Amino acid sequence: MRAAQFFEGRFTVADVADPPALGPGQIRIAVAACGICGSDLSMSKDACRFADVAVAAGYPLAAFDAARPVVLGHEYAGVVTEIASGVDDFAVGDRVAGIGLATDTATGIPTIIGYSNSYHGAFGEQIVVDAYWVRKVPDGLSLDHATLAEPLHVGEMHVQQSGLGPGDSALVIGCGTIGLGAIVAAKAHGAKVVIAAEPAAARRELAARMGADVVVDPTEQDPIDAWNSLVAEGNTLVGDSGQGTLIAYECSGRPGVLNDLMYRLPFNSRIQVLAAGFAEETIVPVVPQFRRIAVNFGHGPYRDAYDITLQRLAAGEIDAEAIITGRVGLDGVAGAFAALREPRGHVKIIVRPEGFEDRS
């Protein structure tokens, strides 16, 4: 099959081996569209570091040989072309999207498609995934728009894990797709105030469109200062500042942000880390202990985050087309990655393998 494979630091379009034969409970999908994820950007920046950290952490889902080619892409949508035994919920021709996990039939170990040398990601013409993680795309929702359920659901998942409820407030740091998902989810769960911090003007505009009450450029105004000012002036947005908790959702992955939040958030705040970096960082653990600040990297229960997000997209509660700022074919993958490294004008770029027509 044709795919944009990543090898030795660059993308090239090539004919690669098809994904493996189906194992029980798996389906094969012809890829219609796939978003470029922040994790894909991290991997392409330093594939060896990415793979080494996954192995050292005992995380098999992203363990691969960085000295061999890979086909990235896990924010997929497409059409079912083949079904294995044990799959009763899908038929050939179904329009689907989902979370890109596949269990290696040789080892029994699950992997994220794209972070594997054999289970290719969706920057190619077909993928094999475990049907458990796949959902039918609702009628009327385009496959391009359905790809957004995967990154946006991360916000819903982490808002649930953070325990945010009515009366609490949210500070969202970084308004890429995951940050936008956190804004949508925080508002849906009853956040009193949502402050969004983002240096790129296009993303700030989207943050406001997704429901943020206050949007700041952190190069001009510190978002924690903005919160403190709202409290000090008794702004009606905040109301009784003694009620509820301020929860910071770190969605930027920028070095130093976590440490800065520990020093500067109000006492008894919480930090939920959605975008974590791969480089080592230094923190002073006693600082959050002094300030009684809880830090959560993704622990805790959540339920139906993907399904909730897919339904929000289908219901038109999220302006999907506004989030998609570019579309490319396989030949445009390298350029799209370069553009996203300086994302002043981009939020989400969709890769569409040539020759696929969405008949939704």
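Conventions used here
- Residues numbered from 1 in each chain as written.
- Predicted model: local features only at pLDDT ≥ 70, side-chain atom pairs only at ≥ 80, totals over all residues.
- Heavy atoms only, no water.
- Helix = DSSP H or I, 4+ residues; strand = E, 2+ residues; numbered from the N terminus.
- Buried < 20%, exposed > 50% of the residue type's maximum accessible area, 1.4 Å probe, protein only.
- Contact = heavy atoms within 4.5 Å.
- Polar contact = N/O pair within 3.5 Å; in protein donor to acceptor, adjacent residues only side chain to side chain.
- Domains from an automatic or database assignment.
- Buried area = accessible area lost by both parts, 1.4 Å probe.
- Salt bridge = Lys/Arg side-chain N within 4 Å of Asp/Glu carboxyl O.
- Patch = residues over 30% accessible without salt bridge, like charges linked within 9 Å, V, L, I, M, F, W, Y side chains within 5 Å.
- Areas by Shrake-Rupley, 256 points an atom, 1.4 Å probe, with all protein chains shown as cover.
- Phe/Tyr/Trp six-rings, centres within 6.5 Å; stacked < 30°, edge-to-face > 60°.
- Pairing = 2+ DSSP bridges.
- Axes fitted to C-alpha atoms, helices over the stretch in contact; angles between N-to-C directions.
- Core = buried A, V, L, I, M, F, W, Y, C linked by side-chain atoms within 4.5 Å.

Caption draft 1: Here's a closer look at the environment of histidine 158. Relative to the assigned elements, histidine 158 resides in helix 4 (residues 149–162). What makes histidine 158 buried here is its relative accessible area of 5%. As a C-alpha pair, histidine 158 and tyrosine 249 span 91 residues in sequence and 8.4 Å in three-dimensional space. For histidine 158, the contacting residues outside a window of four places in its chain are Tyr249, Gln272, Val273, Leu274, Phe297 and Gly298. Among the polar contacts made by the side chain of histidine 158, one reaches the side chain of glutamine 272 at a distance of 3.0 Å.

Caption draft 2: Structural view of the domain arrangement of the protein chain. By domain assignment, the protein chain separates into domain 1 (2–137 + 319–351) and domain 2 (154–296). Each side of the interface is counted separately: domain 1 has 12 residues, and domain 2 has 13 residues. Counting the surface lost from both domain 1 and domain 2, the interface buries some 1100 Å², and carbon and sulfur atoms represent 63% of this. Across the contact surface, domain 1 and domain 2 share 1 salt bridge. Linking aspartate 319 and arginine 209 is a salt bridge whose minimum nitrogen-to-oxygen distance equals 3.1 Å. Joining domain 1 to domain 2, the criterion identifies 3 residue pairs in polar contact (both at pLDDT 80 or more). Counting residues per element, the ones that place at least two in the side of domain 1 that touches domain 2 are helix 2 (47–56) and helix 11 (320–323).

Caption draft 3: Expanded view of a nonpolar patch on the surface. Residues Tyr263, Val284, Val286 and Phe290 make up a contiguous nonpolar surface patch of roughly 370 Å² in combined accessible area. Considering the arrangement of structural elements, one finds valine 284 in the loop between strand 14 (270–273) and helix 9 (286–290).

Caption draft 4: Layout of the packing of aromatic side chains. In total, this model carries 8 aromatic pairs according to the counting rule given. Considering the side-chain rings of phenylalanine 50 and tyrosine 115, the 4.9 Å spacing of their centres and the 45° angle between planes classify their relative orientation as tilted. Of the two residues, phenylalanine 50 sits in helix 2 while tyrosine 115 sits in the loop between strand 7 (110–112) and strand 8 (126–130), which places them 65 residues apart along the sequence. Residue class for tyrosine 115 comes out buried when judged on its relative accessible area of 3%. A centroid spacing of 6.1 Å and a plane angle of 85° characterise the contact between phenylalanine 123 and phenylalanine 337, whose relative ring orientation is edge-to-face. Linking phenylalanine 123 in the loop between strand 7 and strand 8 with phenylalanine 337 in helix 12 (residues 333–340), this pair joins segments that are 214 residues apart in sequence.

Caption draft 5: The sheet that holds strand 12 (residues 214–216), seen in detail. Pairing is parallel across the open sheet formed by 6 strands, whose spatial order is 12-11-10-13-14-15. The sheet terminates laterally at strand 12 and strand 15 (294–296), the two strands that pair on one side only. With direction set aside, neighbouring strand axes in the sheet form an average angle of 15°. With 4 bridges joining them, strand 13 (residues 246–250) and strand 14 adopt parallel strand pairing. Within the sheet, the bridge partner assigned to tyrosine 249 lies in strand 14 and is glutamine 272.

Caption draft 6: Focus on the nonpolar core. Judged by nonpolar contacts, the single largest core of 98 residues is most densely connected at Met43, Phe123, Leu180, Ile183, Tyr249 and Ile323. There are two domains that each give this core at least three residues, and those are domain 1 (2–137 + 319–351) and domain 2 (154–296). Within the second largest apolar cluster, 23 residues are counted, among which are Ile173, Val193, Leu258 and Val287.

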